[in-house]
Amino acid sequence: MNNSTDSIADYRRQLADNLAASIEAFNHDHDAAPLVRSRVALVDSLLHQAWQQFIPAHSKASLIAAGGYGRTELLPGSDIDLLILWQDENDHLLQQALESLLTFLWDIGLQVGHSVRTLQQCREEAENDITVVTNLMETRLLAGDSILFEKMLEITGPDNIWPCDRFFAAKLKEQAARHARYDDTISTLEPNIKESPGGLRDLHMIGWVAKRYFGAAQLSELVTHRFITRSEYNSLLQAQNLLWNIRFALHTVTGKQEDRLLFEHQRTLAVQFGYQQDEHNLAVEQFMRAYYKNALLINRLNGMLLQLFEEAILARSQQQEIIDIDEDFQSVNGFISAPDSHLFSNNPLALLRLFKVMESHPEIKGVRAETVRLIRNNRHRIDSDFRQRADARQLFMQIFRQANGQGLTHALRRMNQFGILAAYLPAFANIVGRMQYDLFHRYTVDVHTLFVVRNLRRFVVPEHFDEFPLCSDIIQQLDKPELLYLAGLFHDIAKGRGGDHSTLGEQDAIDFGIAHGLPEADYHLIGWLVREHLNMSMTAQQKDIADPVVIQAFAQKVGDQRHLDYLYLLTVADARATNPKRWNSWKDSLLKALYQATSKMLAMNNDDQAHTDSQLAETHRKAARLLENSSLQPSDISAFWLTLSEDYFLYSQPERIAWHTETILQANLQGVISIRHLAASGVSEILQFTSDQPGLFCKSATVLDQLRLAIVEARLLVTDQNFALNSYTVLDPEGLLQGIQAKEVIEKLNHIEQVDLQAYQSIQRRIPRQLQQFQSNTRISFEQDPACSSTLLVIKTADRPGLLAHIGRILLDCNTLIQNASISTIGAEVEDSFQIVTHKGDKLPADGETMNCIRDHLMQEISNK
């Protein structure tokens, strides 16, 4: 080969032509497997020719394919991993030849990653690093000295280093760590198709262990060894091909090696693979469901086959400990086993009973691999006739009625993992692997559902009492906690079917209860919980829960303390399981406050005015008691309180009133900015007491937005002396709004009159990548509650930086005042509520002119972003 420009151009053209042809073929039939093999064959040929031309004949060196290339996996953006093995690292002529070879490979466009080692170096590095020995196991000889290559395989083989048991243990630990980086779940919003659980690495893991144990070059050899069935092998192959197809598409769409299935790629690939939006599901949701179901299949097979390996490896060095559990099951080295291979075919009820036995024996670590295989092969026996059996229904309910829910979480997870839960509850099959294309729901519906049940169960576990003490106290008083667990199982079971999933799920739950012989009151409670499972969270986050009218309306919806207790527990468990990263102490405090206020309301009579008078008197007494040890004079306190409205005392906690009062009076009523951190709620509260002025809220919201502070609540009041007494609650879980940052906030708010709204709002911050991928239909509504003196404005739209400040400016321009604001962010969407009045303090006029002004300006502002 002549290292000339023409030669380089020719090889670059071959590679480019191959890539172009592969992309064209893939776009036609979406089958990456033959294209992967075609590219490997071409690169093999080019490297072999290059080696012959650049490297002197009879050199004591080998050119070896490693990594994915060694596994014969080359996607469009894949690197070419090479190992150059040489006998003498002091061979300077060979070194120069190798440098020329590598330069040529880069010049022709190959993305080469290489290492140059001697035999001794290979062994030393492999002994010290499990990843190195794994890479060496996957190598293929491309050119050069075959004896040197074989020697390398020998000295790094299991007879010399990393015997099978040590290798398996290390790889198992490595996989566990990798899975932990992805929250031990297949259903992350933006999965890495290579590294996430259920991704290509889980398939590689099976291959690595098989190669170390059997010396198997291909997975198909495991069939020959009778280690896996032909059906299981075909399932693995199909799962691998789907991931290859997705990875091929990702590489071509991004033009690089990209393994993250990011939101911006998910929609593109859904269209590319031919998915179309239907009546109930987006195209992207259908595509991602196919991915998640594939990942679940890989995850299941990975777990079963690795356990088979473990059993085979341990069988060589350990004696089996077998303990009979009952006539059907025994424990083998801590794993439940069905010694009779015909158990499930002769008695399908044992498919459910196995999980009940495990629930009653928490010492059991899992299901033995051969028994997992039997479950997989017999789960079709859970059919319509099986589901009609009274003994099957009784057994399913026993799983939920286990004392204190012991073992329920593990039982349901295993039932889902092995496909038994979907077989017994066909409606559940519809939510397996079902994702929702938003930032709010962190997991697929089935995984989220089981997290909800887990969270409910944790309320009962003494080791977790400190997490949610109120929830743990309440659940101890429930008469039938199994009804709560069933509500958790059914609360989202109707998603993806179209219509209101809460209403559809309610009917599913009632039908289940009737079929399983539950008392009418019990199945109606489960159905009610499913129907209302979003109500408490929405009320807490979107309405003013300090307003007695709101509490009374919610109390009437709930009806009694029993329903409130069940609903509160389900709501907390659901909110935490939806997206743990978005759960915070502020949401916890809102739900707790709503629960306590509603509980109190339910205990009182229905005399609204008497309740209001009682609440006002109690708030005054508590606030005054908190101020007894201050230096303030009671007469000054009373005089200041006379300047405040009745609503202020109705909607404010005594602790807040005492803090406001002491801070403002110590400043001699001259204006003050102060900050306090509420650690239990994960927020900080900013008090702003200053002369009222037009646009004060808008300017303040703008300043706080520029300081990257997220307002979750704002309460605005003008005293009789025309002073604004405003309170802004901002998320601050770590209490960071102290010190220098607090000084900056105080400094800017003290000079609020200097804020130039035009200058501030002309500054556009970059919208985060994930938010850019979601479109949200803007919805604006006005509510005129006869019991309220203000108009409720609710805005639902896509989240973006500075939105609240823009809303404040529009409300100012439309001649309205904000009394209170509640800010709720749900995934990529916000739902903000504002209590607004005219400049005279009245509701917005019924003629709609002001409402139209607000609606038109908001729609124009939002559409311009």
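Before any of the text, the structure's been laid out above.
Computed from a prediction, not measured in an experiment: that's the story for all the values here.

Undergrad: An account of the sheet that holds strand E8 (residues 366-367) is needed here, citing residue identities and associated values.
TA: Across the sheet, which stays open at both edges, the four strands sit in the order E5-E6-E7-E8 with mixed pairing between neighbours. In this open sheet, the two strands that pair with only one neighbour each are strand E5 (322-324) and E8. Bridge analysis of E5 against strand E6 (residues 330-332) gives three bridges, and the strand direction is antiparallel. Across the sheet, the residue bridging to isoleucine 323 is serine 331, located in E6.

Undergrad: Help me get a handle on the nonpolar core, residues and values and all.
TA: The biggest cluster of nonpolar side chains holds 166 residues, and the ones touching the most others in it are Phe344, Phe396 and Leu569. The leading source of residues in this core is helix H13 (residues 283-315), at 16 residues. Beyond its immediate stretch of four places on either side in the chain, phenylalanine 396 contacts Leu352, Met415, Leu421, Tyr424, Leu425, Leu489, Phe512 and His516. Within the second largest apolar cluster, 43 residues are counted, among which are Ala724, Ala742, Leu793 and Cys814.

Undergrad: Provide a residue-level description of the packing of helix H6 (residues 130-137) against helix H8 (residues 164-181), including the pertinent values.
TA: Their axes nearest at 11 Å, the elements H6 and H8 cross at an angle of 110°. In terms of axis orientation, H6 runs roughly perpendicular to H8. Seen from H6, the contacting residues are Ile130, Thr131, Val133, Thr134 and Met137; seen from H8, they are Phe167, Ala170, Lys171 and Glu174. Grouping the amino acids of the contact of H6 with H8 by side-chain chemistry returns five nonpolar, two polar and two charged.

Undergrad: Please set out helix H23 (residues 469-476) residue by residue, giving values where relevant.
TA: Those residues of H23 that fall on the buried side of the exposure criterion are Cys471, Ser472, Ile474 and Ile475. All buried residues of H23 lie within an arc of 165° about the axis, which places them on one face of the element. On its buried face, H23 is in contact with helix H22 (445-458), helix H24 (481-490), helix H29 (561-578) and helix H30 (585-603).

Undergrad: Pulling in residues and values, what's your account of the sheet that holds strand E3 (residues 112-117)?
TA: A sheet is described by the order of its strands in space; here four strands give the open sequence E3-E2-E1-E4, paired in mixed fashion. Among the strands making up the open sheet, the edge pair consists of E3 and strand E4 (140-144). Averaged over all adjacent pairs, the angle separating strand axes in this sheet is 25°, with direction ignored. Of the strand pairs in this sheet, strand E1 (residues 61-65) and E4 are connected by four bridges, and their pairing is antiparallel. Looking at the pairing, isoleucine 64 lines up with leucine 141 of E4.

Undergrad: Tell me about the state of the cysteines, residues and numbers included.
TA: Evaluation of the coordinates by the stated rule reveals one disulfide. Here cysteine 814 is linked by a disulfide to cysteine 853, with a sulfur-sulfur distance of 2.1 Å. Handedness here is read from the sign of the S-S torsion; for cysteine 814 and cysteine 853, about -80°, the answer is left-handed. One end of the pair, cysteine 814, is in the loop between helix H39 (803-813) and strand E15 (816-822); the other, cysteine 853, is in helix H40 (residues 849-863), with 39 residues separating them in the sequence. No disulfide involves cysteine 122; its nearest neighbouring cysteine sulfur is the one of cysteine 164, lying 20 Å away. Of the cysteine sulfurs around cysteine 698, a residue in no disulfide, the closest is that of cysteine 814, at 12 Å.

Cut-offs used in this document
Residues numbered from 1 in each chain as written. Predicted model: local features only at pLDDT ≥ 70, side-chain atom pairs only at ≥ 80, totals over all residues. Heavy atoms only, no water. Pairing = 2+ DSSP bridges. Helix = DSSP H or I, 4+ residues; strand = E, 2+ residues; numbered from the N terminus. Core = buried A, V, L, I, M, F, W, Y, C linked by side-chain atoms within 4.5 Å. Buried < 20%, exposed > 50% of the residue type's maximum accessible area, 1.4 Å probe, protein only. Contact = heavy atoms within 4.5 Å. Axes fitted to C-alpha atoms, helices over the stretch in contact; angles between N-to-C directions. Parallel < 35°, antiparallel > 145°, perpendicular 65-115°, else oblique. Nonpolar A, V, L, I, M, F, W, Y, C, P; charged D, E, K, R; others polar. Arc of directions from axis to C-beta. Disulfide = S-S within 2.5 Å.

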